[in-house]
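One letter stands for each residue in the lines below.
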Amino acid sequence: NIDTLAALVARAEQLVRDSCQSVIDIRGSWGVKVPVWQHMYSQNRGEKFGVTRADVASAMSMATTGLPIGSFREADKSLPILLKDSKIENKNLNDIKSLPVYSATGASCSIEQVLDYSEITYDYNVIQRYNRERKMSLLCSPERGGNTAASFNEVKRVMEQIELPEGYSMCYFGEQESQDITMSA
């Protein structure tokens, strides 16, 4: 469960901040949550306006990253030519519901008129995996000029205090992992 992982890492971050004086730059590996717009295209509503699912996708691309309409080539380099709304920087997330959608016939309507469901939520942008299982890391660095091994042992001692729910595990990566592999060979 992503929320359980996030709660475990947040708890670990707080414990390390409170208990470990030899480490700095303490953070989780997934970063902060970003806005995600979830919606459901209505084929029945779309037919009334002559708007297809592809038309909605094109409108979304045009309003966000840009709709590819061609490419510019020079020697061995190729740059995409994007059609993009020039006023998108002035809009907020709630304005996305009034985004115009154009059909192949030239008809238009707001995107909200062809959707059954529309909601803005917040979710993690990057979800890392290790051995096909979700992984969230607690990252930190020893203080400048500090002893890496002593810092690791201090953090490890604090991390061992955390009780993990059933089905969750903890492992160490980085210099300690490399050293353990080398020593076991």
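Starting from 1, residues in each chain are numbered consecutively following that chain's sequence as written. Side-chain atom pairs in this predicted model are given and counted only at pLDDT of 80 or more, local residue features only at pLDDT of at least 70, and totals for whole chains, interfaces and linings cover all residues. Values shown for side chains rest on all heavy atoms present in the structure; no hydrogens or waters enter the calculation.

## Examining the pattern of salt bridges
Working step 1: We define a salt bridge as a side-chain nitrogen of Lys or Arg found within 4 Å of a carboxyl oxygen belonging to Asp or Glu. What the rule picks out here adds up to three salt bridges.
Working step 2: Arg27 serves as the salt-bridge partner of Asp25, at 3.0 Å between the closest nitrogen and oxygen.
Working step 3: Across the salt bridge formed by Asp116 and Arg45, the nearest N and O atoms sit 3.9 Å from each other. Remark: Arg45 occurs in helix α2 (residues 43-49) and Asp116 occurs in strand β7 (residues 115-124); sequence separation between them is 71 residues.
Working step 4: For every residue, the accessible area (1.4 Å probe, protein chains only) is compared with the maximum for its type, and the residue is labelled buried under 20%, exposed over 50%, or partly exposed between those bounds. Taking the relative accessible area as the measure of exposure, Arg45 reaches 34% and is therefore partly exposed. Every helix listed is a DSSP run of H or I at least four residues long, and every strand listed is a run of E at least two residues long, numbered separately from the N terminus.

## Brief notes about the environment of Ser71
Working step 1: Positionally, Ser71 belongs in strand β3 (residues 67-74).
Working step 2: Considering only alpha carbons, one finds Ser71 and Ile81, 10 residues apart in sequence, at a separation of 5.0 Å.
Working step 3: Each residue touching Ser71, except ones within four places of it in the same chain, is listed here: Ser78, Leu79, Pro80 and Ile81. Contacts were defined at the residue level, with two residues in contact if any of their heavy atoms lie within 4.5 Å.

## Focus on the nonpolar core
Working step 1: In this text, buried Ala, Val, Leu, Ile, Met, Phe, Trp, Tyr and Cys residues form a nonpolar core when linked through side-chain atoms within 4.5 Å. Counting residues in hydrophobic clusters, the biggest one holds 14 residues, and the most contacted among them are Val56 and Ile111.
Working step 2: Of all the elements in the fold, those that place two or more residues in this core are β2 (33-41) and α3 (53-63).
Working step 3: If one sorts the elements of this core by residue count, α3 sits on top with four residues.
Working step 4: Core analysis: the second largest hydrophobic core is formed by 11 residues, Leu8, Val16, Val158 and Met159 among them.

## Considering the pairing of β3
Working step 1: Paired strands are those between which DSSP finds at least two bridges. With seven bridges joining them, β3 and strand β4 (residues 77-83) adopt antiparallel strand pairing. Bridge pairing in β4 places Glu74 opposite Lys77.
Working step 2: If you look at the hairpin formed by β3 and β4, you'll find two residues sitting between the two strands, and Ala75 has a positive phi there, around 55°.

## Regarding the side chain of Ser103
Working step 1: Mapped onto the elements of the fold, Ser103 is located in the loop between β5 (100-102) and β6 (108-110).
Working step 2: Accessibility expressed as a relative area gives 8% for Ser103, which makes it buried.
Working step 3: Here Thr105 takes part through its side chain, which lies 2.8 Å from a polar atom of the side chain of Ser103.
Working step 4: Residues in contact with Ser103, not counting those within four places in the same chain, are Phe49, Gly50, Val51 and Asp55. Distance and chemistry together define a polar contact, namely a pair of N or O atoms within 3.5 Å, with one atom able to donate a hydrogen and the other to accept it when in protein, and with adjacent residues in sequence counting only for side-chain atoms on both sides.

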